[in-house]
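# Residue-level structure breakdown
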Amino acid sequence: MTSAVAEARRVGSRWPRTLAALEVRNYRLYLSSQIVATTGLWMQRIAQDWLVLELTGSITAVGVAVALQFLPVLLFGLVGGLIADRYPKRRILIITQSVAASMALTLGLLALTGVVQAWHVFLVATMLGFVTAVDNPTRQVFVSELVGTRHIRNAVSLNSSVFQFGALLGPALSGLLIHAVGQGWSFMINFASCLLVVTIVAVIRLPAAPSDRPVRAKGQLREGLTYIKQTTEVAWTIVLVGTIGVLGLNMPVILAAFADHEFATGVGGYSLFNSLTAIGALTGAILSARRTELLRLRVLVTTLSALGVVLVLASLAPTIWLFGAMLVGSGLLTLLFLTGANSLVQTRSEPSVRGRVMSVYILVLLGGQAIGGPAVGWLIDHFGARPSMFLCGGLVTLMALLTGVAIARQAHLGLEVDLHREQSRSPLHIVQH
């Protein structure tokens, strides 16, 4: 019996279902640090994007900055997952968060002294990408080790809730600071938040347990890829995640264009748009935390298809208020999809290969943005924000539906119409041929 499960049984049902993972003390400590850390991270993201826009005047340059932050994940994400499987997660997180703190401090000092240039931001974004390539799969597996399989889904939802709370608060605070004193202090706050994570992770003490980490050997990357290929649900989920990574998660680039070109609201509007997206995402994370069953692939396909439709509607919104309402909807659907996909992949993966599996998940999710960021920036500079957002939304829906058809054909599933079913139930239902 793992320590997480044992502790949960000792405390019984003290926590409501929505907060069930908080029964585990180590997870409570870790999650408390993430409340501050995600706020600081979002403050840095907003300051970084707007700083690049001010320095270059180019939306494409903003897309390049986003891409550079995710490109190392695309190139070296599998290596990051292998590191996560081989070495103690707590030690890795202390190292990665310390490096992230030094990057935030560097960018903050450059901005505060007024000597910052665009290439400085690009370089720091690239270095943070290397950190993310190792840090992200490690954090995913670290959380599952803290809470055990019993609470993985709830922990994923709570992590998402905290992340979106930071996404709600961070842009607002960063917008106020940029107006008042410029971008530098947003970077300095993220520096302090990274140090907090290092401190909290350092005080977490995991009990000694027999290690199932793989020893160094040839073919371990191939082993992880083979496992994904042979685990159908994981493989199709990663395909869907790749779709949203390339086409549906380019909102920083799109929102910067809408704030600057379409509605002329400046950094205040950019912060507002990010906060509205976060409101929807926070709502989605809370709804997801209440679920106890795993989402099926068909639900993931439906959710992703609906997200594409909402993005299309947002691109057509004539007023800032309708646009904002669509952003709330897009945030809600994005989080429902991502929490479902994340928990499905983790629960369907064996612990011995989970780091490598999650590294592929992170590779297609974040690495996809390395491809999509510059592409969307280029489209916006040449064709405008609205046509570019319309195209992205339409492609998300199309790819989700095509993937759904492929899944159904592989599983020999089809739709059947039964007009004699009870009135309370849909006449359409899925059958296996």
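This text gives an overview of the structure that appears in the document.

Analysis parameters
- Residues numbered from 1 in each chain as written.
- Predicted model: local features only at pLDDT ≥ 70, side-chain atom pairs only at ≥ 80, totals over all residues.
- Heavy atoms only, no water.
- Axes fitted to C-alpha atoms, helices over the stretch in contact; angles between N-to-C directions.
- Helix = DSSP H or I, 4+ residues; strand = E, 2+ residues; numbered from the N terminus.
- Parallel < 35°, antiparallel > 145°, perpendicular 65-115°, else oblique.
- Contact = heavy atoms within 4.5 Å.
- Nonpolar A, V, L, I, M, F, W, Y, C, P; charged D, E, K, R; others polar.
- Phe/Tyr/Trp six-rings, centres within 6.5 Å; stacked < 30°, edge-to-face > 60°.
- Buried < 20%, exposed > 50% of the residue type's maximum accessible area, 1.4 Å probe, protein only.
- Lys NZ or Arg CZ within 6 Å of the ring centre and 35° of its normal.
- Patch = residues over 30% accessible without salt bridge, like charges linked within 9 Å, V, L, I, M, F, W, Y side chains within 5 Å.
- Areas by Shrake-Rupley, 256 points an atom, 1.4 Å probe, with all protein chains shown as cover.
- Salt bridge = Lys/Arg side-chain N within 4 Å of Asp/Glu carboxyl O.
- Left-handed = near helix turned anticlockwise from the far one by under 90°.

### Quick word on the packing of helix H14 (residues 354–383) against helix H15 (residues 385–410)
Two elements in contact, H14 and H15, have axes whose closest approach is 7 Å; the angle formed by their N-to-C orientations is 140 degrees. Our classification of the angle between H14 and H15 gives oblique. Together, Val376, Leu379, Ile380 and Phe383 of H14 and Ala385, Pro387, Ser388, Leu391 and Cys392 of H15 make up the contact between the two elements. Partitioned by chemical class, the residues of the contact of H14 with H15 number eight nonpolar, one polar and no charged.

### Things to note about the packing of aromatic side chains
Applying the stated rule across the entire model yields nine aromatic pairs. Both rings, one in Phe258 and one in Phe263, keep their centres 6.0 Å apart while their planes meet at 35 degrees; by these two values the pair is tilted. For Phe258, a relative accessible area of 0% corresponds to the buried category. Assessed through its relative accessible area of 18%, Phe263 is described here as buried. Ring pairing ties together the aromatic residues Phe258, Phe263, Phe273 and Phe323, which thus form one cluster. Taking the ring centre of Trp42 as reference, the NZ or CZ of Arg45 above it sits at 5.0 Å.

### Points about a nonpolar patch on the surface
On the surface, Leu71, Leu75, Phe76, Val79, Trp119, Leu123, Met127, Phe130 and Leu221 cluster together into a nonpolar patch covering about 820 Å² of accessible area. Examined against the element boundaries, Leu71 turns out to sit in helix H3 (residues 59–86). Residue Leu71 is classed as partly exposed on the basis of its relative accessible area of 34%.

### A look at helix H10 (residues 251–262)
Where H10 is concerned, the buried positions are Met251, Val253, Ile254, Leu255, Ala256, Ala257, Phe258 and Ala259. A positive phi of about 50 degrees marks Ala264, the residue just after H10.

### So, the side chain of Asn250
Along the chain, Asn250 falls in the loop between helix H9 (232–248) and H10. Of the residues examined, Asn250 reaches a relative accessible area of 2% and is grouped as buried.

### Quick look at the packing of helix H2 (residues 25–56) against helix H5 (residues 118–147)
Each packed pair of helices is defined by two parameters, the angle between the axes and the distance between the axes. Their axes nearest at 13 Å, the elements H2 and H5 cross at an angle of 160 degrees. In this view, H2 runs roughly antiparallel relative to H5, as classed from their interaxial angle. Our pair here, H2 against H5, has a crossing hand that is left-handed. Of H5, the residues touching H2 (which contributes Asn26, Tyr27, Tyr30, Gln44, Gln48, Leu51, Val52, Leu55 and Thr56) are Ala118, Val121, Phe122, Ala125, Leu128, Arg139, Phe142, Val143, Leu146 and Val147. Here the residues of the contact of H2 with H5 sort into 14 nonpolar, four polar and one charged.

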